[in-house]
Amino acid sequence: MTDNITAGSPASDTSLPGDGYVGDPAVRAEWDNRYADRQQLWSGRPNGALVAEVAGLTPGRVLDVGCGEGADAVWLARGGWDVTALEVSGVALERAAGHARDAGVAVRWIHAALTEAALPPASFDLVSAQYPALLRTPDASAERALLAAVAPGGVLLLVHHAGMDTQQAHDSGFDPADYVWPSMVAAQLTDDWKVEVNEQRPRVAPDGGAGAHHADDLVLHARRLR
C-alpha cells in the first residue's frame, strides 16, 4: 500500500503497490494462511447476487470490499466500472492482480482493512461487499465505513450467507457474534437512504470454490439519497 493510497487516492494500474498493509497483522496472517493452503480458494467467477443486482446500474466508480482473488473486480472492470478493490490478504491480492493483468483490465488495489483504508468519503457509485468477514466493534466502525464510502445517488450492495448469523460458536473459533451481518448495516440506515432490496433468496452460486454449499443469500441493496 503506497503513500498515495494511504491518503485516499489509490494507485491506478493493475500492478500491486509495495507492501504496506494497514490493519491488524493477525487478521492479515489468518487470511494469508487460508489462501496459501490452496492454489485457488474461490471459483474464479463473479458472485451471482452481484451480477443480478448490478444489471440495472450505470457503470461508475465501484469499491469491491474483500475482493479475494479478484473475480468480481475483474468482472466489474470488464463491464466498464472504474474499480477499486480492497483486501486484507496479500496472497489473495497477488492472485487478483494476476487475473486482472491476464484479462487486460485496470484495477486499483488497496491492501488494508476496511476501517483502516482512509478511503475518500462519499465517492463510490457502488460499494459491493460480497460475503465479507468484517469484524464487529462497539462503535459499528465497519458498518459506518461501508455507508460512508457511498456517494449520494450511489448503491450499497451487501450480500451474505443466510443462517450464518444465527449459528452457534464453532470449535474452530468461528463465532457469529464477532462479525457484521446485513441486519446490523440495515440498522444504521437513516432517512438519507432508500432500501431497494432486503431479503433472503436462493443463491446463484458459481460451481466449486469455498462456500459453494451455502444455499441462500441475504441481500441488502440500499441507495443513498443524499
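Presented here is an overview of the structure given in this document. (Residues numbered from 1 in each chain as written. Predicted model: local features only at pLDDT ≥ 70, side-chain atom pairs only at ≥ 80, totals over all residues. Heavy atoms only, no water.)

**Digging into the environment of T58**
Note the cut-off: For the purposes of this entry, the term helix denotes a DSSP run of H or I that reaches at least four residues, the term strand denotes a run of E that reaches at least two, and both are numbered from the N terminus.
Along the chain, T58 turns up in the loop between α3 (48–54) and β1 (61–65). In sequence terms T58 and L126 are 68 residues apart; their C-alpha atoms lie 9.8 Å from each other.

**Topic: the sheet that holds strand β6 (residues 193–202)**
In any sheet, the strands associate via hydrogen bonds between backbone groups, in a parallel or an antiparallel arrangement. Worth spelling out the cut-off: Here, a strand pair is defined by DSSP locating no fewer than two bridges between the strands. Simply put, an axis is a line fit to the C-alpha atoms, just over the touching stretch for a helix, and the angle between two N-to-C directions goes from 0 to 180 degrees. Residue contacts follow a heavy-atom distance rule, with two residues in contact if any of their heavy atoms lie within 4.5 Å.
Spatially, seven strands are ordered β3-β2-β1-β4-β5-β7-β6 in an open sheet, and the strand pairing comes out mixed. Of all the strands in the sheet, just β3 (107–111) and β6 have a single pairing partner and so form its edges. Going across the sheet, the axis of each strand differs from the next one's by a mean of 15°, ignoring polarity. Pairing between β6 and strand β7 (residues 216–224): nine bridges, direction antiparallel. For N198, the partnering residue across the bridge sits in β7 and is L220. Sitting on the sheet, helix α6 (residues 141–148) touches β1, β4 (124–130), β5 (150–161), β6 and β7, and the angle it makes with β5 is about 135°.

**Description of the side chain of N47**
Worth spelling out the cut-off: Summary of the burial criterion: residues with accessible area below 20% of their type's maximum are buried, those above 50% are exposed, and those between are partly exposed, where the area comes from a 1.4 Å probe applied to protein chains only.
Among the structural elements, N47 can be located in the loop between α2 (25–36) and α3. Among the residues examined, N47 registers a relative accessible area of 14% and is labelled buried.

**Description of unusual backbone geometry**
Notably, A118 is not glycine yet its phi reads approximately 50°, a positive angle. Turning to its location among the elements, A118 is positioned in the loop between β3 and β4.

**Side note on α6**
With six of eight residues buried, α6 is to be regarded as a mostly interior element. Turning to α6, its buried residues number three or more, namely S141, A142, E143, A145, L146 and L147. Buried residues along α6 sit in contact with β1, β4, β5, α7 (182–186), β6 and β7.

**Looking at the environment of E30**
Cut-off, in case you're wondering: In protein, a polar contact means a hydrogen-donor-capable atom and an acceptor-capable atom, both N or O and within 3.5 Å, with residues adjacent in sequence counting only if both atoms are side-chain atoms; elsewhere, any N or O pair within 3.5 Å suffices.
Relative to the elements of secondary structure, E30 occurs in helix α2. E30 gets classed as partly exposed once you look at its relative accessible area, which sits at 33%. When the C-alpha atoms of E30 and V88 are compared, they prove to be 9.5 Å apart, with 58 residues separating the residues in sequence. Here the side chain of E30 touches R34 through a polar contact of 2.7 Å, side chain to side chain.

**What about helix α4 (residues 71–78)?**
Among the residues of α4, those classed as buried are D72, A73, V74, L76 and A77. Summarising the contacts, the buried residues of α4 are in contact with α3, β1, β2 (82–87), α5 (90–103), β3 and β4.

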